[in-house]
Amino acid sequence: SQTIHQWPATLVQPVGSPLSLECTVEGTSNPNLYWYRQAAGRGLQLLFYSVGIGQISSEVPQNLSASRPQDRQFILSSKKLLLSDSGFYLCAWRIQGARGYTFGSGTRLTVV
Amino acid sequence: GNSVTQMEGPVTLSEEAFLTINCTYTATGYPSLFWYVQYPGEGLQLLLKATKADDKGSNKGFEATYRKETTSFHLEKGSVQVSDSAVYFCALTNDNDYKLSFGAGTTVTVRA
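These notes cover the structure that comes with them. (Residues numbered from 1 in each chain as written. Chains lettered and ligands numbered in written order. Predicted model: local features only at pLDDT ≥ 70, side-chain atom pairs only at ≥ 80, totals over all residues. Heavy atoms only, no water.)

**Quick word on the overall build of chain B**
For chain B, the count of helices and strands is 0 helices and 12 strands. Computed over the C-alpha atoms, the radius of gyration of chain B is 13 Å, within 12% of the 13 Å expected from 2.2 N^0.38 for a compact globule of 112 residues. The buried share among the 112 residues of chain B stands at 47%. Considering only contacts in chain B between residues 6 or more positions apart, those separated by 24 or more positions represent 56%. In the form shown here, chain B has an accessible surface area of approximately 5,300 Å², with 46% of it arising from carbon and sulfur atoms. For chain B, the centre of its 9 positive side-chain charges and the centre of its 12 negative side-chain charges are spaced 3 Å apart. (Helix = DSSP H or I, 4+ residues; strand = E, 2+ residues; numbered from the N terminus. Rg over C-alpha atoms; globule rule 2.2 N^0.38 Å. Buried < 20%, exposed > 50% of the residue type's maximum accessible area, 1.4 Å probe, protein only. Contact = heavy atoms within 4.5 Å. Areas by Shrake-Rupley, 256 points an atom, 1.4 Å probe, with all protein chains shown as cover. Lys, Arg positive; Asp, Glu negative; His and termini not counted. Charge placed at Lys NZ, Arg CZ, Asp CG, Glu CD.)

Printed below as a string of structure tokens:
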């Protein structure tokens, strides 16, 4: 069966510290992968998406970056966190050409 | 570009009340439409979807009909329960679009 794993579930980091959130997908090959962020009291904003290994598209300029070192692994990173990076980060995948998206359980990041 | 406009919340209801959450969209072509639900502390789950005009998506007592003439996809449930308390997101994607565009989300609280 197809599953998506996202960790950690919660994270508290000081301003200026680095960040690495990982997302892995099982049971499928060559998925489209996505990182979304939900800031407090706001909707979901697409941050990055990837259609293949090493292929990353950024939707908004920001303090974050993404990488896809393997087909089913998607990593969200930052060299120095800002307070404004706090939020709920969701990884998602979709089979290329299909219309359904599957979301991970999310990581709640608090930058202090 | 694609956009989704969703009824603002929060919405507070009593058990067994009727729920409607309005959603309208702007998109090119023939998008697929979705409702996602986020229960407290969790990630997003697909609630229902519709892929063409006049389709009705349904799940867990919720329904939404794809109305191309009014570019709408309103979510309804005839009798809500406390367990329906969650944030509801309307979303769309086009066949050739890599992105899922979300509305801002509507927080629904059902009181016993």
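**Digging into the sheet that holds strand β8 (residues 73-78) of chain A**
All names here are of chain A. Read from one edge to the other, the open sheet built from 4 strands follows the order β1-β3-β8-β7, with strand pairing classed as antiparallel. Unpaired on one side and paired on the other, β1 (3-7) and β7 (65-70) mark the two borders of the sheet. Here the strands of the sheet are splayed against their neighbours by 20 degrees on average, with no regard to which way each runs. (Pairing = 2+ DSSP bridges. Axes fitted to C-alpha atoms, helices over the stretch in contact; angles between N-to-C directions.)

**Topic: the packing of aromatic side chains**
What characterises a pair of aromatic rings is the spacing of the ring centres plus the angle enclosed by the ring planes. All chains considered together, the criterion is met by 13 aromatic pairs over all chains. Ring geometry for F103 of chain A versus F102 of chain B: centroids 5.9 Å apart, planes at 65 degrees, classification edge-to-face. Linking F103 of chain A in strand β10 (residues 102-103) with F102 of chain B in strand β11 (residues 101-102), this pair reaches from one chain into another. F102 of chain B gets classed as buried once you look at its relative accessible area, which sits at 10%. Through a chain of ring-to-ring contacts, the aromatic side chains of Y34, Y36, Y49, Y101 and F103 of chain A together with F34, Y36, F89 and F102 of chain B assemble into a single cluster. (Phe/Tyr/Trp six-rings, centres within 6.5 Å; stacked < 30°, edge-to-face > 60°.)

**What about unusual backbone geometry?**
In this structure, P8 of chain A follows W7 of chain A across a cis peptide bond, with omega equal to 0 degrees. Positionally, P8 of chain A belongs in the loop between β1 and β2 (10-13). If you check the backbone angles, N30 of chain A has positive phi at about 55 degrees while not being a glycine. Relative to the helices and strands, N30 of chain A is located in the loop between β3 (19-26) and β4 (31-38). Although it is not a glycine, E16 of chain B sits at a positive phi angle of roughly 75 degrees. Considering the arrangement of structural elements, one finds E16 of chain B in the loop between β2 (11-14) and β3 (19-21).

**Describing the layout of surface pockets**
In this structure, the second largest pocket encloses a volume near 180 Å³. If you list the elements that add at least two residues to the lining of the second largest pocket, you get β5 (44-52) of chain A together with β1 (3-6) and β11 of chain B. Top element by residues in the lining of the second largest pocket is β5 of chain A. It accounts for 3 residues. In the lining of the second largest pocket, the residues fall into 6 nonpolar, 3 polar and 3 charged. (1 Å grid on protein atoms, 1.4 Å probe; cavity = no way out; pocket = protein on both sides within 12 Å on 5 of 7 lines; lining within 4 Å. Points joined across faces, edges and corners; volume = space filled by probe spheres on them. Nonpolar A, V, L, I, M, F, W, Y, C, P; charged D, E, K, R; others polar.)

All quantities given are derived from atomic positions and should not be read as evidence of function.
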